[in-house]
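What follows is the residue order along each chain.
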Amino acid sequence: MKKSSARPWILIAASLVLSAAMYAQFSIIPQPQSIVTGSGVFTLTGNSVIIASGAGLKAARYCTAMIARNTGIRMVITNDGSPDAGVILFQITNGSAFGAEGYSLAVDERVIRIAAATEAGLFYGAQTFGMLLPSDAVHQRSAQGAVNIPGCRIIDSPRMPWRGLMVDAARHFFTVDELKQFIRVMALHKLNMLHLHLTDDEAWRIEIKKYPLLVKKGAWRSSIGFGFPADASTAYGADGKYGGYYSASDIKDLVAFAAEHCVTIIPEIDIPAHSRAALAAYPSLSCKSRDGLWCPGNEATYAMLTNVLAEVVDMFPSKYVHIGGDEIGRPQWWLCPSCKRHVLEARRMRDDDNLQRYFHWRIGRYLVSRGRIPLGWDEIADGDISVPAAVMGWRSAEHGYRAAQNGHDVILTPQEYCYFDYYQSPYGEPKANGDVLSLKTVYGFDPVPWLLESIGPRILGVSGNLWSEYIPNYRHLEYMAFPRAIALAEVGWSVKRDWDDFQRRLAVHRIRLDVIGVNYRR
Ligand code: ACM
Ligand code: ZN
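What you see is a predicted model; the values in this text were computed from it and never measured.

This brings us to the overall build of the protein. Within the protein, the secondary structure is distributed over 17 helices and 19 strands. Relative to the globule expectation of 24 Å for 522 residues, the C-alpha radius of gyration of the protein, 25 Å, shows essentially globular dimensions. Oriented by its inertia axes, the alpha-carbon framework of the protein measures out at about 95 × 55 × 50 Å. Considering the protein as a whole, with its 522 residues, one finds that 57% of them fall into the buried category. Put simply, 71% of the contacts in the protein that link residues at least 6 apart link residues at least 24 apart. When the accessible surface of the protein is totalled, it reaches about 21500 Å², and 53% of it is carbon and sulfur. Counting 55 positive and 51 negative side-chain charges, the protein places the centres of these two groups 3 Å from one another.

Once that is clear, we can look at the environment of Trp493. By the secondary structure assignment, Trp493 is in helix α16 (residues 484-493). The sequence separation of Trp493 and Arg221 amounts to 272 residues, and the corresponding C-alpha distance is 40 Å. Aside from chain neighbours lying at most four places away, what touches Trp493 is Pro30, Gln31, Glu101, Tyr103, Tyr124, Asp156, Ser157, Pro158, Arg159, Arg163 and Lys190.

This next bit is on the packing of helix α5 (residues 176-188) against helix α7 (residues 248-260). Contact pair α5 / α7: the axes reach a minimum separation of 10 Å and the direction vectors enclose 15°. Between α5 and α7, the crossing angle belongs to the class labelled roughly parallel. The interaxial crossing formed by α5 with α7 has right-handed handedness. Within the contact between the two elements, α5 uses Val176, Leu179, Lys180, Ile183 and Arg184 and α7 uses Asp250, Asp253, Leu254, Phe257 and Ala258. Residue classes in the contact of α5 with α7 are distributed as six nonpolar, no polar and four charged.

In terms of residue burial, strand β13 (residues 320-324) counts as a mostly covered element, since five of its five residues are buried. Going residue by residue along β13, you find Tyr320, His322 and Gly324 tucked away on one face and Val321 and Ile323 tucked away on the opposite face as well.

Our next topic: the pairing of strand β14 (residues 373-377). The side chains of a regular strand alternate, first on one face of the sheet and then on the other. Judged by how many residues are buried, β14 sits mostly within the fold: four of five residues are covered. Here β13 runs beside β14; their pairing, made up of three bridges, is parallel. Bridge pairing in β14 places Tyr320 opposite Ile373. Inspection of the sheet shows β14 paired to strand β15 (residues 390-393) by three bridges, in the parallel sense. Pairing of Trp377 across the sheet is with Met392, part of β15.

This part is about the pattern of salt bridges. Tallying each qualifying case throughout the model produces 22 salt bridges. The structure contains a network of salt bridges with shared partners spanning Asp168, Arg171, Asp200, Glu202 and Glu469.

Let's shift gears to the sheet that holds β14. Judged by pairing direction, the barrel is parallel, and its eight strands sit side by side in the order β8-β9-β12-β13-β14-β15-β16-β19 before closing back on the first. The average undirected angle you get between the axes of adjacent strands in this sheet is 30°. Note: strand β16 (residues 410-412) against strand β19 (residues 459-466), three bridges, orientation parallel. When the bridges of β19 are listed, Val410 appears paired with Ile459.

Another aspect to go through is the nonpolar core. Counting 173 residues, the largest nonpolar core has Phe90, Phe129 and Phe182 as its most contacted members. For this core, the leading source of residues is helix α9 (residues 299-315), giving nine residues.

Its place among the elements puts Gln356 in helix α11 (residues 352-369). By relative accessible area, Gln356 is classed as buried at 14%.

This next bit is on the packing of α16 against helix α17 (residues 499-515). Across the interface, α16 lies against α17 with an axial gap of 12 Å and an inter-helix angle of 125°. Of the possible angle classes, the one that applies to α16 and α17 is oblique. Considering the relative orientation of α16 and α17, their crossing is right-handed. Counted together, Ile486, Ala487 and Glu490 of α16 and Phe502, Arg505, Leu506, His509 and Leu513 of α17 form the full contact between these two elements. Tallied by class, the residues present in the contact of α16 with α17 amount to five nonpolar, one polar and two charged.

Turning our attention to the coordination of the zinc ion (ligand 2). In this structure, Cys287 (SG), Cys295 (SG), Cys336 (SG) and Cys339 (SG) serve as the protein donors to the zinc ion (ligand 2), at separations of 2.3 to 2.4 Å. In this structure, the zinc ion (ligand 2) is surrounded by four donor atoms whose angles at the metal cover 105 to 124°, and the resulting shape is tetrahedral. Positions of the donor residues of the zinc ion (ligand 2), expressed as sequence spacing, correspond to C-x7-C-x40-C-x2-C. One end of the pair, Cys295, is in the loop between α8 (276-281) and α9; the other, Cys339, is in helix α10 (residues 337-345), and 44 residues separate them in sequence. Relative accessible area serves as the criterion here: at 3%, Cys295 is assigned to the buried category.

Inspection of the secondary structure assignment puts Arg205 in the loop between β9 (193-197) and α6 (213-218). Along the backbone, Arg205 and Val215 are ten residues apart, and their C-alpha atoms lie at a distance of 6.3 Å.

So, on to the packing of aromatic side chains. For the structure on display, the rule yields 22 aromatic pairs. Ring plane angle 50° and centroid distance 6.3 Å describe the contact between Tyr419 and Trp467, whose orientation is recorded as tilted. One end of the pair, Tyr419, is in the loop between α13 (415-418) and β17 (422-423); the other, Trp467, is in the loop between β19 and α15 (474-481), and 48 residues separate them in sequence. When its relative accessible area of 5% is taken as the criterion, Tyr419 is described as buried. Among the aromatic residues, those joined into a ring-pair cluster are Trp377, Trp394, Tyr419, Tyr422 and Trp467. The ring centre of Trp361 lies 4.5 Å from the NZ or CZ of Arg365, which sits over that ring. A cation over a ring is seen here: Arg497 above Tyr443, with NZ or CZ 5.7 Å from the ring centre.

Conventions and cut-offs
- Residues numbered from 1 in each chain as written.
- Chains lettered and ligands numbered in written order.
- Predicted model: local features only at pLDDT ≥ 70, side-chain atom pairs only at ≥ 80, totals over all residues.
- Heavy atoms only, no water.
- Helix = DSSP H or I, 4+ residues; strand = E, 2+ residues; numbered from the N terminus.
- Rg over C-alpha atoms; globule rule 2.2 N^0.38 Å.
- Buried < 20%, exposed > 50% of the residue type's maximum accessible area, 1.4 Å probe, protein only.
- Contact = heavy atoms within 4.5 Å.
- Areas by Shrake-Rupley, 256 points an atom, 1.4 Å probe, with all protein chains shown as cover.
- Lys, Arg positive; Asp, Glu negative; His and termini not counted.
- Charge placed at Lys NZ, Arg CZ, Asp CG, Glu CD.
- Axes fitted to C-alpha atoms, helices over the stretch in contact; angles between N-to-C directions.
- Parallel < 35°, antiparallel > 145°, perpendicular 65-115°, else oblique.
- Left-handed = near helix turned anticlockwise from the far one by under 90°.
- Nonpolar A, V, L, I, M, F, W, Y, C, P; charged D, E, K, R; others polar.
- Pairing = 2+ DSSP bridges.
- Salt bridge = Lys/Arg side-chain N within 4 Å of Asp/Glu carboxyl O.
- Core = buried A, V, L, I, M, F, W, Y, C linked by side-chain atoms within 4.5 Å.
- Donors = N, O, S within 2.8 Å, 3.2 Å for Na, K, Ca; no water.
- Tetrahedral: all angles 85-135°; square planar, octahedral: opposite > 155°, others 65-115°.
- Phe/Tyr/Trp six-rings, centres within 6.5 Å; stacked < 30°, edge-to-face > 60°.
- Lys NZ or Arg CZ within 6 Å of the ring centre and 35° of its normal.

Shown next, in the form of structure tokens:
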């Protein structure tokens, strides 16, 4: 072999520059665990095929649709091809270290190989593969028959299992088709939990067969409210009332669509407070101590709510069912004859906290009996509710950490980092709730600071909340969600984070959002 003549440091420096330049061509969001650049290039053409079967089919179907949308190239899926030249191969590998959602993705001149232990892992491999498509091809959607994919080897898995968003469908209504588009955008960012806030003071949005008045009365109001003009939304019934609701078949459709995108839907029935809409329909169950509150001293309350939850459990396969529990305040329970006689005196309770915990325990134990895990806002962890329950820390991250220290599994959704109903900037933004929450602040959220590493395993993940008082339609929902939810997706997925590099990748990523028509804030 010819000895390298001179100045090897020039070669080393040149190759470092080259690999840095090549690295910069990857604009994957959320940032994968590791990317090693390769030397070859895979050329995707109309003759390339996808090989997949069984658990690989979901990712393969997604991949063909995405390639067609982004490049115009139409590929076929086959299960009997050989992993030869010109193929994208989806492979389930048993007993690997990928975990429940991890994957590897290797691109060389001949084959693109995506491997994972699960369907979800392959799906996320397909999402990452989509972000290897050159953005100019995606932008022009004119691949002219061929697209070059840079050689690389990516190994990836999420930092946290719960990467979610909450949509408040109560204050304003979003249709099934709108929620499907939202799920598509979530899946692109490897977000996997859609929490639907289905009930509140202003509306009840889920049909419960046993209690038809909940939607008949509770899903409609005379006007859109919150100061919006009537044409801020198209959600009007034939009689001109504002609103809408999801039927059992809507939910079935939505749950199946979400599953196809590796998204779990978590239903929330917010009780005992935030319940004016339901109690206007069933006023006999209202507590005399406070308006809009289910009476925890009335046995009929538990009968109705467990019947409601029975139907909810039948509709949603999720392990977790959210039962709210926020902002109950300090009702004067003694002023309610039922609370006084049937609980406070009968159970020799002193007062408020105990009665509140009693309510959560009664409801929580029903869900446990149905094999589900009750999930609530962090107030439910203010005292011991004597059933295993998971907690969403919203009042502050600190409230979440305290719940974790008390033995609860916790999803962090603190106002200071996760309230996407807040203003995106102090200047020139449409009317919003509360304070200002910038993209950079969201990106800077460290869900498990090193001082709290001991409770790390209890922190399931993060979720962003889109309370919809000031979100009257779907386009505005996207505007408030993105790009902040993309920053949160990286908080939940990526161990290595870098704000400058995120901004660079986001600049490329905007093209992908444009292609699927996302109304993100620019
Ligand atoms: C909440 O923001 N009331 C959970
Ligand atoms: Zn009462």
